[in-house]
Amino acid sequence: MDLSSINPALLIASLMVSATPILLAALGELVVEKTGVLNLGVEGMMITGAICGFAIGVNTGSPVLGFMFAAMSGALLSLAFGILTQYLLSNQVATGLGLTLVGLGLSSLIGKPYEGIKSPTLQKMELPILSDIPIVGPMLFSHDPMVYFSVALVAATWAVLKYTRAGLILRAVGESHDAAHALGYKVVRIRILAILFGGACAGLAGAYISLVRVPQWTEGMTAGAGWIALAIVVFASWKPWRVLIGAYLFGGVTVLQLNLQAAGAKVPIEVLSMSPYLITIAVLVIISARGNHGAPAALGKIFHASQ
Amino acid sequence: MIRLEKRAQPSQFWTFATPFLAVVLTMIVGGIMFAALGSDPFEAIRTIFWDPLFSEQFAAYSRPQLLVKAGPLILIAIGLSMGFKAGIWNIGAEGQYIIGAICGAGMGLAFYPIESVLIFPLMILAGALGGWAWAIIPAVLKTRFGTNEILVSLMLVYVAEALLASVASGLLKNPDGMGFPGSRNLAQIPSTANLEIIQGTGMHYGVLTAFIAVVFAYVLLSRHMLGFQIRLTGEAPRAARFAGVNPTRIVFLCLGLAGTLAGMAGMYEVSGPAGQITIDFNSGYGFTAIIVAFLGRLHPIGILFAGLLMALTYIGGELASLMLGIPSAAIQLFQGMLLFFLLATDVFISFRIRLTSGEAA
C-alpha cells in the first residue's frame, strides 16, 4: 500500500465535496426537528431531489435551474408529509418511512430514461485572493458555489435560531407546542414552514450528489445518505455548527475509505464499503451513552389544538 | 372551516374501513399515474388486480405465485407488527432477512454434498438464529445505551447488503460456477430445497410457517400476558411501567421475534423461490413488509390479507410491465402511495370531520 499517494490537501478538498450533501440534508432536518417534528423521509426527498435536479439540469443545460427545481421537488414532497402529520395527525415515524418509500419509487420511475447520461455540472468558483494562498487556497477556497452556500446556510441557521425572534418562536414550538399555542403562535403553520425548509434542503442535497459529486444518475444513488443525515443531527445534539463538524468528519471517513481502496489497502473492500454505516452506529452509541441532551422536548409528539 | 373533533372512542367502523378506502384511493391516483405514463388506466388496474387471479391466460402461473410472494411478506410483517404495537421501530427487517438467508444457505452448503433429512431443519434454525442475532444488535444498543433503534436497524441493512455482496462472490460462491458470482442452487439439491408441500399451489414451507406465525401471533396478542404487555407498552408506556412491565424485556422480545421471523423468511426464500445467494436475491420484502404491517392494522388476520394483497400488486405489477410496458418502479410507487393514503385516512378513526361556519379556534 502506498500511503504517500494520498495528498492531504486534495483529501480535505474532496472531503468538503463529499460532506456537502449530508450537511445540507442534516441542516434541513435540524430545523424540522427543532420545531418538534421528526421527518424520517429525508432519504426519499433527497433521491427525488437528485433525479428532479438531474432531469432539469440535463434538459435545460443549466445546473442552477436543476438545483432550484430539486429544492422545489423536495419541498413539494415534504408538503405531503406536512399535511399528513400536521393536519391529518398521522404518526410521524410511519409517515416518514412512507415518504422514503414513495420517494424511492418515484425517483426510479422518473429516472429510467436518464440512466447513463452525463449532466452539466457546476463550475468551480475560485474566491479571489483567498484561493491563491498556497495549500489552504486550493483546499478551502476553490470549490463550487454549493459548498460555500452550505457553509453559509449553517451560519445563517445558527444565527437565526440563536439571535432572532423567529428562531425563539421556532424553538418554543419544538419544546412545548401547548405553551406556544397558548401564547398565540400558529404551531401548525410554523411546523409546515420548517418541514418545507427541510424538504428543500434535502432536495438540494440530493441534486448535489447527482449534479456535482457523481455527476450521473443511478437508481438508489443516495445509498442511505438521508439516514446518515438523520444520525448526524443526533450526533450534533441539535446544534448547527456541530452538524457541520459531524458532516465533515463523516465526509472525511468516506473520502479516506475511497482513497484507501484506491491506494490498494490490505483491507477487504466490503469492510471498507460498510465502514461509513458501522461508524455511524458507533457514533450514535457513543452520543446516546452520554445521555440524550439537546433533543427538543416535543419531538415526534402529535399536536391537536383541541386538547 | 373544516375542523377535526376528537371522538370519545376510536371508531370501530373506520378501523376496518380505512384500508379499503386507502386501496380505492390508491387505485384512483394510480390510475391517473398510469394514464400519465400512457397506458389505459382501467386496463392497467385490471391487469394488476384481476388478471393474475382470474385471467385464463395467466392465472395458472400467477395463482401459486400469490402464496410464494405473500409468504415472506406475512412472516416478516407479523414480527414487525409486534414491535410497532409496542412503539419499537425496527425498520431493518431487510437486513435481518438477508442475514437469515446467508446463515441458512451457509448451513446448507456446509454439508454439501451429504444428503440427509436433518439438513433442512438445521438450515431453518440457522436462518432464524442469524436474523435474531442481527435484530438483537439494535436491541442491546437501545436498552444498554439508549441508542435510537430506527437508525441502527436501518444502518445494519446497508452492512448486511455489503456482507451479501461479499459472500456471494467469495465465501459462498459456487466453486463449479465458472467464476460467476452466486452460490450453488439450493433448490436443486434435495436436502436443502424448500419444495412445495402441495404441488402447483406455491405452498412451500415458508408459507406454512407464515400461517403458523399468524395463528401464534393472534393467540399471543389476544390471549397471553406477553401480548397484553406489548400492547400496554405501546399505548401507555408509563402505565406499563407501573404495572410492572419490564421495558428491556419487551424490546428484546419484539426485536428478537421480528429478527427471527425475518431471518426465517430469508432462508425460505433463498432455498426455494430464489434458489441461490446472489448479490440481489433480496427483493425488498423487508421494506414492503412495513407497508403490509400497517395495512393489516398491526393485527395478525389483517396482515394475512394485507400480505396477499401486496403479493398481488407484485405479481400484477410484473404482468403489467410485461403486457402494458408499465415500468416496474411504478408498482413500487403504487405500494408507497398505499401506505400514504392509509395513514391519511386513519384520521377518521379517532377524529370526526366537522364543518363549522365562521372562525374556529
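Look up: the structure comes first, before these words.
Residues numbered from 1 in each chain as written. Chains lettered and ligands numbered in written order. Predicted model: local features only at pLDDT ≥ 70, side-chain atom pairs only at ≥ 80, totals over all residues. Heavy atoms only, no water.

Each helix and strand counted, chain B has 15 helices and four strands in total. Its C-alpha atoms give chain B a radius of gyration of 22 Å, within 12% of the compact-globule value 21 Å for 361 residues. Principal-axis analysis of the C-alpha atoms gives chain B an extent of 75 × 55 × 35 Å. Across the 361 residues that make up chain B, the buried fraction comes to 56%. A total accessible area of about 15700 Å² is found for chain B, and carbon and sulfur atoms account for 66% of it. (Helix = DSSP H or I, 4+ residues; strand = E, 2+ residues; numbered from the N terminus. Rg over C-alpha atoms; globule rule 2.2 N^0.38 Å. Buried < 20%, exposed > 50% of the residue type's maximum accessible area, 1.4 Å probe, protein only. Areas by Shrake-Rupley, 256 points an atom, 1.4 Å probe, with all protein chains shown as cover.)

As a further point, take the overall build of chain A. Looking only at helices and strands, chain A features 12 helices and two strands. Secondary structure elements of chain A, listed N to C terminal, follow the sequence α-α-α-α-β-α-β-α-α-α-α-α-α-α. Structurally, chain A occupies a C-alpha span of about 65 × 45 × 45 Å along its principal axes. Considering chain A as a whole, with its 307 residues, one finds that 56% of them fall into the buried category. A total of about 12300 Å² of accessible surface is found on chain A, and carbon and sulfur atoms cover 70% of it. Averaging the coordinates of the 16 positive side-chain charges in chain A and doing the same for the 12 negative ones gives two points 12 Å apart. (Lys, Arg positive; Asp, Glu negative; His and termini not counted. Charge placed at Lys NZ, Arg CZ, Asp CG, Glu CD.)

On to the interface of chain A and chain B. Across the contact, 41 residues belong to chain A and 37 residues belong to chain B. Here chain A and chain B share an interface that buries about 3400 Å² over both sides, 84% of which is from carbon and sulfur atoms. Interface area lost by chain A to chain B is led by A:Leu101, A:Leu109 and A:Trp227, which between them contribute 17%. Where chain A meets chain B, there are zero salt bridges. The tally of links from chain A across to chain B stands at three residue pairs in polar contact (both at pLDDT 80 or more). Counting residues per element, the side of chain A that touches chain B draws most heavily on helix α4 (residues 92-111) of chain A, which supplies 13 residues. Of the residues assigned to the side of chain A that touches chain B, the class counts are 28 nonpolar, 11 polar and two charged. (Contact = heavy atoms within 4.5 Å. Buried area = accessible area lost by both parts, 1.4 Å probe. Salt bridge = Lys/Arg side-chain N within 4 Å of Asp/Glu carboxyl O. Polar contact = N/O pair within 3.5 Å; in protein donor to acceptor, adjacent residues only side chain to side chain. Nonpolar A, V, L, I, M, F, W, Y, C, P; charged D, E, K, R; others polar.)

It is worth spelling out the nonpolar core at this point. In terms of nonpolar packing, the biggest core is built from 195 residues, with A:Phe67, A:Trp227, B:Phe34, B:Ile76 and B:Ile277 touching the most fellow members. Not counting residues up to four positions away in its chain, the partners in contact with A:Phe67 are A:Leu122, A:Met146, A:Leu204, A:Ala207, A:Tyr208, A:Leu211 and A:Val212. Counting residues in each nonpolar core, the second largest holds eight residues, with A:Ile169, A:Ala180, A:Ile190 and A:Ile192 among its members. (Core = buried A, V, L, I, M, F, W, Y, C linked by side-chain atoms within 4.5 Å.)

Residue and element names in this part refer to chain A. With respect to the helices and strands, Cys201 occurs in helix α9 (residues 187-213). For Cys201, a relative accessible area of 3% puts it in the buried group. Residues Cys201 and Gly36, spaced 165 residues apart in sequence, show a C-alpha to C-alpha distance of 18 Å. In contact with Cys201, other than residues within four places in its own chain, are Leu24, Ala25, Gly28 and Leu153.

This part covers the environment of B:Ser191. Residue and element names in this part refer to chain B. Among the secondary structure elements, Ser191 is positioned in the loop between α7 (149-168) and β2 (196-198). When its relative accessible area of 8% is taken as the criterion, Ser191 is described as buried. For Ser191 and Ser116, which are 75 residues apart along the polypeptide, the C-alpha to C-alpha distance reads 5.9 Å. Each residue touching Ser191, except ones within four places of it in the same chain, is listed here: Ile114, Glu115, Ser116, Ile119 and Phe120.

So, about unusual backbone geometry. Residue and element names in this part refer to chain A. The backbone phi angle of Ala223 is positive, close to 45 degrees, even though this residue is not glycine. Considering the arrangement of structural elements, one finds Ala223 in the loop between α9 and α10 (225-235). The partly exposed category is assigned to Ala223, whose relative accessible area is 35%. Despite not being glycine, Trp238 shows a phi value in the positive range, around 60 degrees.

So, about helix α9 (residues 225-235) of chain B. Among the residues of α9(B), B:Leu226, B:Gly227, B:Gln229, B:Ile230, B:Leu232 and B:Thr233 are the ones counted as buried. On the buried face of α9(B), the contacting elements are α4 (59-85), α8 (205-223), α10 (237-242) and α11 (247-271) of chain B.

Further remarks concern a nonpolar patch on the surface. Residue and element names in this part refer to chain B. Together, Ile197, Ile198, Tyr205, Leu208 and Ile212 make up an exposed nonpolar region whose accessible area comes to about 450 Å². Secondary structure elements with two or more residues in the nonpolar patch: β2 and α8. Looking at the nonpolar patch, the element that brings in the most residues is α8, giving three residues. Positionally, Tyr205 belongs in helix α8. Residue class for Tyr205 comes out partly exposed when judged on its relative accessible area of 37%. (Patch = residues over 30% accessible without salt bridge, like charges linked within 9 Å, V, L, I, M, F, W, Y side chains within 5 Å.)

The next point concerns the pattern of salt bridges. Opposite charge on two side chains lets them pair, provided their charged atoms get close. The full count for this structure, using the stated rule, is six salt bridges over all chains. When the shortest N-O distance is used, the salt bridge between B:Arg297 and B:Asp346 registers 2.8 Å. Separated by 49 residues along the polypeptide, B:Arg297 in the loop between α12 (285-295) and α13 (300-323) and B:Asp346 in the loop between α14 (328-345) and α15 (347-350) bring together distant segments of the chain. Taken together, the salt bridges that share partners define one network made up of A:Lys112, A:Glu115 and A:Glu219.

Attention now moves to the packing of α9(B) against α11(B). All names here are of chain B. It is at 11 Å that the axes of α9 and α11 come closest, and there the two elements cross at 105 degrees. The orientation of α9 with respect to α11, classified from their angle, is roughly perpendicular. Here Leu226, Gln229, Ile230 and Thr233 of α9 come into contact with α11, specifically with Arg249, Ile250, Leu253 and Cys254. (Axes fitted to C-alpha atoms, helices over the stretch in contact; angles between N-to-C directions. Parallel < 35°, antiparallel > 145°, perpendicular 65-115°, else oblique.)

So, on to the environment of B:Phe287. Position of B:Phe287 among the secondary structure elements: in helix α12. It is 26 Å that separates the C-alpha atoms of B:Phe287 and B:Ala193, two residues lying 94 residues apart in sequence.

All names here are of chain A. Following the sequence through the fold, Thr157 ends up in helix α6 (residues 145-163). Its relative accessible area of 7% is what places Thr157 among the buried residues. The residues contacting Thr157, other than those within four sequence positions of it, are Leu27, Leu30, Val31 and Pro240.

The next subject is the packing of helix α2 (residues 42-60) of chain A against helix α3 (residues 63-87) of chain A. A pair of packed helices is captured by two measures, namely the crossing angle of their axes and the spacing between those axes. All names here are of chain A. Packing of α2 against α3 leaves a shortest axis separation of 7 Å and a crossing angle of 145 degrees. Judged by the sense of rotation from one axis to the other, the crossing of α2 with α3 is right-handed. Counting all contacts with α2, which are made through Gly44, Met45, Thr48, Gly49, Cys52, Gly53, Ile56, Gly57 and Thr60, the residues of α3 involved are Leu65, Gly66, Phe69, Ala70, Ser73, Gly74, Leu77 and Ser78. (Left-handed = near helix turned anticlockwise from the far one by under 90°.)

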